[in-house]
Amino acid sequence: MKTYLLISVFLILLLGACSKSSEPGQNEVFIQNMSFNPSSLTVAQGTTVTWTNKESVTHTVTSNTSIFNSGSLSNGGTFSYKFNTVGTFPYHCSIHSGMTGTIIVK
Ligand SMILES: [Cu+2]
């Protein structure tokens, strides 16, 4: 009986840890469910933004104005870019045209 209780507590803690890591941090974008999450992110000038592909489908993070391009990102792949200029920077996935996002630098 005690063992079941311990296993239950362990599983609850494990679930808690998993749900925490499934949310992107302040300067992070997760690629999941065939979309960028968040699709619009506002950061301060000089911030490095990191994208992480959270699913098994290959994606890219490609600037609409060609200022950055991650190339193919497989599951777990990451890409970082430092935004030194104030402005609005739209990007997309070059494999899936419906996937778009924007970084706003203030
Ligand atoms: Cu894609």
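Here, the structure is the one placed above.
The residue numbering used here restarts from 1 in each chain and proceeds along that chain's sequence as written. Given that this is a predicted model, residues contribute local features only at a pLDDT of at least 70 and side-chain atom pairs are listed and counted only at 80 or more, while totals for whole chains, interfaces and linings are drawn from all residues.

### Brief notes about the overall build of the protein
Right, on to step 1. What the protein contains, in helices and strands, is one helix and eight strands.
Right, on to step 2. Working definition of burial: number of other C-beta atoms within 10 Å of the residue's own, with buried at 20 or more, exposed at 12 or fewer, and partly exposed in between, all C-beta atoms being placed from the backbone. Among the 106 residues that make up the protein, the fraction classed as buried is 18%.
Right, on to step 3. Placing a C-beta atom from the backbone of each residue, one calls two residues in contact when those atoms lie within 7 Å. Look at the contacts in the protein between residues 6 or more apart in sequence, and 47% of them connect residues 24 or more apart. Helix and strand definitions follow DSSP, with helices as H or I runs of at least four residues and strands as E runs of at least two, each counted in order from the N terminus.

### Description of the sheet that holds strand β1 (residues 28–32)
Right, on to step 1. When DSSP locates at least two bridges between a pair of strands, those strands are taken to pair. Here we have four strands laid out as an open sheet, ordered β2-β1-β4-β6, and mixed in their pairing. In the strand order of this sheet, the two ends are held by β2 (35–37) and β6 (78–83), each with one partner. Between one strand axis and the next, the sheet turns through 20° on average, direction left out of account.
Right, on to step 2. In terms of strand pairing, β1 meets strand β4 (residues 47–53) through four bridges, oriented parallel. Considered in β4, the bridge of Ile31 is made with Asn53. The angle between two axes is taken between their N-to-C directions and runs from 0 to 180 degrees, where each axis is a line fitted to C-alpha atoms and a helix contributes only its stretch in contact.

### Side note on the environment of Gly46
Right, on to step 1. Relative to the helices and strands, Gly46 resides in the loop between β3 (40–43) and β4.
Right, on to step 2. Once the C-alpha coordinates of Gly46 and Val105 are considered, the two residues, 59 residues apart in sequence, prove to be 8.5 Å apart.
Right, on to step 3. Apart from residues no more than four positions distant in its own chain, Gly46 is found in contact with Lys82 and Asn84.

### A look at the pairing of strand β8 (residues 100–105)
Right, on to step 1. As paired strands, β3 and β8 are joined by four bridges and run parallel to one another. Its bridge partner lying in β8, Thr42 is registered against Ile104.
Right, on to step 2. Here strand β7 (residues 87–92) runs beside β8; their pairing, made up of six bridges, is antiparallel. Residue pairing across strands places Phe89 opposite Ile103, the latter belonging to β8.

### Some details on the sheet that holds strand β5 (residues 62–63)
Right, on to step 1. If you walk across this open sheet you meet the four strands as β3-β8-β7-β5, and the pairing is mixed. This sheet does not close on itself; its edge strands, each paired only once, are β3 and β5.
Right, on to step 2. Here β5 pairs with β7 via two bridges, running antiparallel. Across the sheet, the residue bridging to Ser63 is Tyr91, located in β7.

### Quick look at the environment of Asn84
Right, on to step 1. Inspection of the secondary structure assignment puts Asn84 in the loop between β6 and β7.
Right, on to step 2. For Asn84, a count of 10 C-beta atoms within 10 Å translates into the label exposed.
Right, on to step 3. Sequence spacing of Asn84 and Ala44 is 40 residues, and the spatial spacing of their C-alpha atoms is 9.0 Å.
Right, on to step 4. If we skip the residues at most four places from it in the chain, Asn84 touches Gln45 and Gly46.

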